[in-house]
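Each chain, written out:
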Amino acid sequence: MRKLITGLAASVLAAATPLAAQTTVIHADGVVTDADSAPLGRSTVTVTDGRIVSIVDGWQAVPEGAEMVHLEGKTLVPGLIDLHTHLSGDPSGEFWRAAVQPPEWYSLVAAKNARVTAKAGFTTVRDLGARSDQVMQSLRRATAEGMLPGPRIVTSARTIAIVGGHGDINGFRREVNDALGTSFACTGATECAEKVRLASKYGADLIKITATGGVLSQQGRGLEAHFTFDEMKTIVDTAHSLGLKTAAHAHGARGIELAARAGVQTIEHGTYIDEQAAKVMRENGTILVPTLMAFQGIKENLGKGFYTPVVEDKIRAVSAYAETIVERARKWGVTMAFGTDAGVFPHGDNAGELALMRKGGMSDAQVLASATTGAAKVLGMENEIGRIAPGFSADMVAVDGNPLDDVSVLEDTGWVMVRGRVIE
C-alpha cells in the first residue's frame, strides 16, 4: 500500500511540475520583420515554447539545451496567410464524386493538403467551405496540437447558401441532391439566422455565404445576387451577435454591393466589381479577397473535358474580367487582402497569387503586407501573427532574396516554422 501511495504521489508531482521550456535559436542572414520595415542584416531569432522571444543583431551563441537552426544565406520572412482555401478538396471537374466519396476520405485529403500548404510557406489559412461535416474543425485541432503538420486553421466549416444556389448540392437527381444536402441552405431571414446559429454550434470560426451565383456549381442561374438584402443582413447581424465575422463569395457587381451594404467583412472573388460596388465597400470598410489563382487555374482546364458545358460557359464569361480585378479595385480605393481559393487549383501553388497581385499594379511591399499584416488584421489576429516580433507566434519562412524587392521569391520556401514547430 505504501508503494502505491508513493507511486501515485510521484505521478501527481510529475503532472504538476512544468515541462522544461523548448527553445530554438535561429541564425539567418537577413530578417524581414514586416512589410513596412527595412530588412535587418545577419540576426539571431530566439523562439521559446512557440513564441518569438527576441531578435538580436549577429549570430549569437546558442544556450545549452537549445536547438539551433542555421539558415546561412537565407532571409526570414513572416509566415504567409491565405484567407481563402478549401483544404478538403482537390481540383476536379467530376462533380459526381460527391456522391461516391465517403466523408472520411475528405479528412485524409485535408490532412495531406494541410502539410503541402504549410510547406509552401502558408502558416495560417482561412478555410471557406469544407467537403464534409467536422473535417476542418478536427484538422484545426490536430494542427494546433501538433498531431499533424499544417498551418493554423480558421474555418467557416460549411457554407450557407440559398436553396439550389451555389454552395447547395445540385446537379444530381432530386433524391441524390436531398441525400447529399448539408442542411445549410436556407430561405427567408428567420431560417437563415438559424443556419448561422447551427454553424456556430458546430464550431465555425466565421460564417461564409454564397451571396451570388458561382462558377463551378452545376447550375446556370447567373452570377448576380442570390440572397435578398434582408436575408444577408440577418445573417451578418446574427453572426455578429455570436462574435463571428462573415465572408461572402460574390461575383456580380450588384451582389457585391448588396453584401457590402449588409455588413460582410470580406468579398471573395469580386469579379465584376464596379465603381458603385466599390463605393459601398469603401463606406462599409469591406475588404476584397481577389483569388486570382482560382481564375487562372480554371481557365487552364478549358476545352479539355474537365468541366461540364454549363461550367465551361461560366468560366469563359468571367475569364476576361478576372484579369483586371486588382486593377479596378485599386482604381476605386478598395482595400485588398490575400486569398487564393486553393483547392480550385492545386494546393501548394498558393504563392503564385503574389505575382498576380503585383501584375495588377500593387508594389512588392503592398503584396507582402496583404499576405501578412493585412490578412492578420482581417482575422483579428494582428497582435499574434503577420510579423516577426517578440511575443508573436513563431510563424516564419526562409527564402533566398528579399521579398520587398521581388515578392515572387516567396514561391520557393526552403524552411517553414508554424507555432514554433518546423514543418518537415
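For clarity, every value in this text was computed on a predicted model and none was experimentally measured.

Further remarks concern the domain arrangement of the chain. Taken domain by domain, the chain holds domain 1 (23-78 + 387-422) and domain 2 (80-379). The distance between the C-alpha centroids of domain 1 and domain 2 comes to 31 Å. Taken together, the 24 residues of domain 1 in the interface contact 26 residues of domain 2. Of all residues in domain 1, A35, V407 and R419 give up the largest surface area on contact with domain 2, accounting jointly for 29% of the area buried on that side. Inspection of the domain 1/domain 2 interface yields two salt bridges. Across the salt bridge formed by R358 and D406, the nearest N and O atoms sit 2.9 Å from each other. Our count for the domain 1 to domain 2 interface comes out at eight residue pairs in polar contact (both at pLDDT 80 or more). For the side of domain 1 that touches domain 2, the secondary structure elements donating two or more residues are β4 (67-78), β14 (396-399) and β15 (415-418). For the side of domain 1 that touches domain 2, the element with the most residues is β15, which contributes three residues. For the side of domain 1 that touches domain 2, the per-class residue count stands at 13 nonpolar, three polar and eight charged.

Further remarks concern the pattern of salt bridges. Applying the stated criterion across every chain yields a total of 20 salt bridges. Note that R254 and E257 form a salt bridge whose closest N and O atoms lie 2.8 Å from each other. Remark: E257 and R254 occur in helix α7 (residues 253-262); sequence separation between them is three residues, near one turn of the helix. Overlapping salt bridges bring together R254, E257, R261 and D274 as one network.

Let us look at the environment of R158. Note that R158 resides in the loop between β7 (152-155) and β8 (161-162). Given a relative accessible area of 16%, R158 falls into the buried group. Taking the C-alpha atoms as reference points, R158 and G129, 29 residues apart in sequence, are found 5.0 Å from one another. Apart from the residues lying within four places of it in its own chain, the contact partners of R158 are A130, R131, S132, D133, T182 and F184. One polar contact links the side chain of R158 to the main-chain carbonyl oxygen of A130, over a distance of 3.3 Å.

Time to look at the UniProt feature "domain: Amidohydrolase-related" (unreviewed entry) in the chain. Under the UniProt annotation, "domain: Amidohydrolase-related" (unreviewed entry) lies at residues 75-420. End-to-end, the C-alpha atoms of residues 75-420 are 17 Å apart, and along that stretch the chain is 38% helix and 14% strand.

This part covers the environment of A193. As for its position among the elements, A193 is in helix α5 (residues 189-201). Expressed as a C-alpha distance, the spacing of A193 and E312, which sit 119 residues apart in the sequence, is 34 Å. If we ignore the near neighbours within four places in the chain, the residues touching A193 are T234 and T238.

This paragraph deals with the state of the cysteines. All told, the structure shown has one disulfide when counted by the stated rule. The disulfide that involves C186 links it to C192, with 2.4 Å between the sulfurs. Judged by the torsion about the S-S bond (95°), the C186/C192 disulfide is right-handed. With a relative accessible area of 0%, C192 lands in the buried category.

Here the chain averages 93 in pLDDT, while 95% of its residues score no lower than 70. Counted against residues more than four places away or in other chains, residues 1-19, with its pLDDT under 50, gives zero contacts.

This next bit is on the packing of helix α6 (residues 229-241) against α7. Interaxial distance between α6 and α7 falls to 8 Å at its minimum, and their mutual angle equals 40°. When the axes of α6 and α7 are compared, the pair comes out oblique. The way α6 lies across α7 gives a crossing that is right-handed. Contact residues: α6 offers F229, M232, K233 and V236, while α7 offers L258, A259, R261 and A262. Here the residues of the contact of α6 with α7 sort into six nonpolar, no polar and two charged.

Turning our eyes to something else, we now look at the side chain of K208. Along the chain, the position of K208 falls in strand β10 (residues 207-210). Excluding its chain neighbours within four sequence positions, the residues that come into contact with K208 are H84, H86, L128, S156, T159, I160, A247 and H249.

The side chains of a regular strand alternate between both faces of the sheet. Across the nine residues of strand β1 (residues 23-31), seven count as buried, placing the element largely inside the fold. Pairing geometry for β1 and strand β2 (residues 43-48), over six bridges, is antiparallel. Across the sheet, residue I26 finds its bridge partner in β2, namely V45. Looking at chain direction, β1 and β4 are connected through seven bridges and run parallel. Bridged to A28 within β4 is L71.

Basis of the calculations
- Residues numbered from 1 in each chain as written.
- Predicted model: local features only at pLDDT ≥ 70, side-chain atom pairs only at ≥ 80, totals over all residues.
- Heavy atoms only, no water.
- Domains from an automatic or database assignment.
- Contact = heavy atoms within 4.5 Å.
- Buried area = accessible area lost by both parts, 1.4 Å probe.
- Salt bridge = Lys/Arg side-chain N within 4 Å of Asp/Glu carboxyl O.
- Polar contact = N/O pair within 3.5 Å; in protein donor to acceptor, adjacent residues only side chain to side chain.
- Helix = DSSP H or I, 4+ residues; strand = E, 2+ residues; numbered from the N terminus.
- Nonpolar A, V, L, I, M, F, W, Y, C, P; charged D, E, K, R; others polar.
- Buried < 20%, exposed > 50% of the residue type's maximum accessible area, 1.4 Å probe, protein only.
- UniProt positions renumbered as here; feature names shortened; annotations may be inferred.
- Disulfide = S-S within 2.5 Å.
- pLDDT = per-residue confidence, 0-100.
- Axes fitted to C-alpha atoms, helices over the stretch in contact; angles between N-to-C directions.
- Parallel < 35°, antiparallel > 145°, perpendicular 65-115°, else oblique.
- Left-handed = near helix turned anticlockwise from the far one by under 90°.
- Pairing = 2+ DSSP bridges.

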